[in-house]
Amino acid sequence: MAVPNLTNILKRILKQPTAPFHEYHVRNEILALLKDCPHVKIKQDKFGNLLATYKNGKNKSEPTWVLGAHMDHPGFVRNPEAKNDWTFLGGVAKPEVEAGIKKGLRGKPVGDIATWKFPVKIDFEKIEANACDDLVGCAIIIATFWELATLNLSTTFHATFTRAEEVGFLGAWQVAQKWPFGKDAVFLSIETSRPVNGAVMGGGPIVRVGDRLSIFDNEGTAILMTTAKEQGIRVQRCLLDAGACEATAMQAAGIRSAGVSVPLGHYHNLDEKKNIVPEYVMMSDTRALIDLLKALVATKHEGIGERSIRERVEMRMEEYAPFIKASKKHFK
Ligand SMILES: [Zn+2]
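What you see is a predicted model, and the numbers here were worked out from it, not measured in a lab. (Residues numbered from 1 in each chain as written. Predicted model: local features only at pLDDT ≥ 70, side-chain atom pairs only at ≥ 80, totals over all residues. Heavy atoms only, no water.)

## With respect to the coordination of the zinc ion
And step 1. Surrounding the zinc ion are the protein donor atoms His-70 (NE2), Asp-133 (OD), Glu-191 (OE) and Glu-191 (OE), which sit 1.9 to 2.4 Å from the metal.
And step 2. One can describe the donor arrangement at the zinc ion as irregular, given that its four donor atoms subtend angles of 53 to 144° at the metal.
And step 3. Within one chain, the residues donating to the zinc ion are spaced in sequence as H-x62-D-x57-E. With Asp-133 in helix 4 (residues 132-150) and Glu-191 in strand 10 (residues 186-193), the pair connects residues that are 58 residues apart, well separated along the chain. (Donors = N, O, S within 2.8 Å, 3.2 Å for Na, K, Ca; no water. Tetrahedral: all angles 85-135°; square planar, octahedral: opposite > 155°, others 65-115°. Helix = DSSP H or I, 4+ residues; strand = E, 2+ residues; numbered from the N terminus.)

Have a look at this one:
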């Protein structure tokens, strides 16, 4: 059994053409990469999302985590009605898309898909491709599965690889309707996102307290922060409100959700001047997120956020008891 390393996984996933509703090349590569991965079982739901479970022994993470990444990226798809017409699907404004086409940046169609024609470039520092969002997220989950399996680590957790996120979380919504992971499981969106509100490229993975549309589960976020601290992993805790992620959709469907992101350069293939360019992420941020996820799904952290706040307040009540007593007469 050949164990794929992070660079192999990234190369194989990032070179797959993808677009909303046309995620099958990415799906096939995920299935191929995880086919021989010990302890991992994977199936496709009715909508075409992949649902995966790592189960080795009786141990479970606490809470049970469901890592989620999406398999699509903004791109050109053949019109369902007029086969010679192409529609650009996903969040890029029309003038920028048209300028990109004029510059000859649109690649040759692959079946019903066409993407910007940028090669995959990976070195020790940087990962550059047409679709880091969210194929880097998919690669991170695959690497997490393989690295835990190689360590023969005993735990249970799940993952979703979804369709059609870029057109409004359609795949995630379908997963939420059937939610097969139990009511106590917590969804964790694994994204690549534009760093805003103080976050920077190379500053470590971002613990995303929320996105443009909602804020996320307090306890889940606290557990992420505690795990990062215990492992000595540098993270950035930020509100990433320049975009929205699947945690918002899952949460709206009643599922506890949190989010993490790898800082993304050239979000949706736009540079500072709105030219069409490749997206990129830093290798160090990507590597650090895998390490954080490995620790997260291997640890029990029941209710840690709430308990520690209560403990702290109760301690302070005792510590300041003489002050409370002395000032009491003014609050009669
Ligand atoms: Zn995304």
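Picking up where we left off.
## Details of the sheet that holds strand 1 (residues 40-44)
Strand-to-strand pairing in sheets goes through backbone hydrogen bonds, with the strands running parallel or antiparallel.
And step 1. Spatially, 1-2-9-3-10-13-11-12 is the arrangement adopted by the eight strands of the open sheet, whose pairing is mixed. The two strands at the open ends of the sheet, each matched to only one other strand, are strand 1 and strand 12 (236-239). Neighbour to neighbour, the strand axes of the sheet diverge by 25° on average, direction disregarded.
And step 2. In terms of strand pairing, strand 1 meets strand 2 (residues 50-55) through five bridges, oriented antiparallel. In the strand pairing of strand 2, Gln-44 is matched with Leu-50.
And step 3. Relative to the sheet, helix 8 (residues 283-297) contacts strand 3 (65-70), strand 9 (156-162), strand 10 and strand 13 (257-263), its axis offset from that of strand 13 by approximately 155°. (Pairing = 2+ DSSP bridges. Axes fitted to C-alpha atoms, helices over the stretch in contact; angles between N-to-C directions. Contact = heavy atoms within 4.5 Å.)

## Focus: the sheet that holds strand 8 (residues 126-129)
And step 1. One open sheet holds the three strands; their spatial order is 7-8-14, and the pairing between them is antiparallel. Looking along the sheet, the strands with just one partner apiece sit at the ends: strand 7 (121-122) and strand 14 (279-282).
And step 2. In the sheet, strand 7 pairs with strand 8 via two bridges, with the strands oriented antiparallel. Paired with Lys-121 across the bridge in strand 8 is Glu-128.
And step 3. Packing against the sheet, helix 4 makes contact with strand 8 and strand 14, and its axis sits at approximately 40° to strand 14.
And step 4. Against the sheet, helix 8 contacts strand 7, strand 8 and strand 14, and its axis sits at roughly 60° relative to strand 14.

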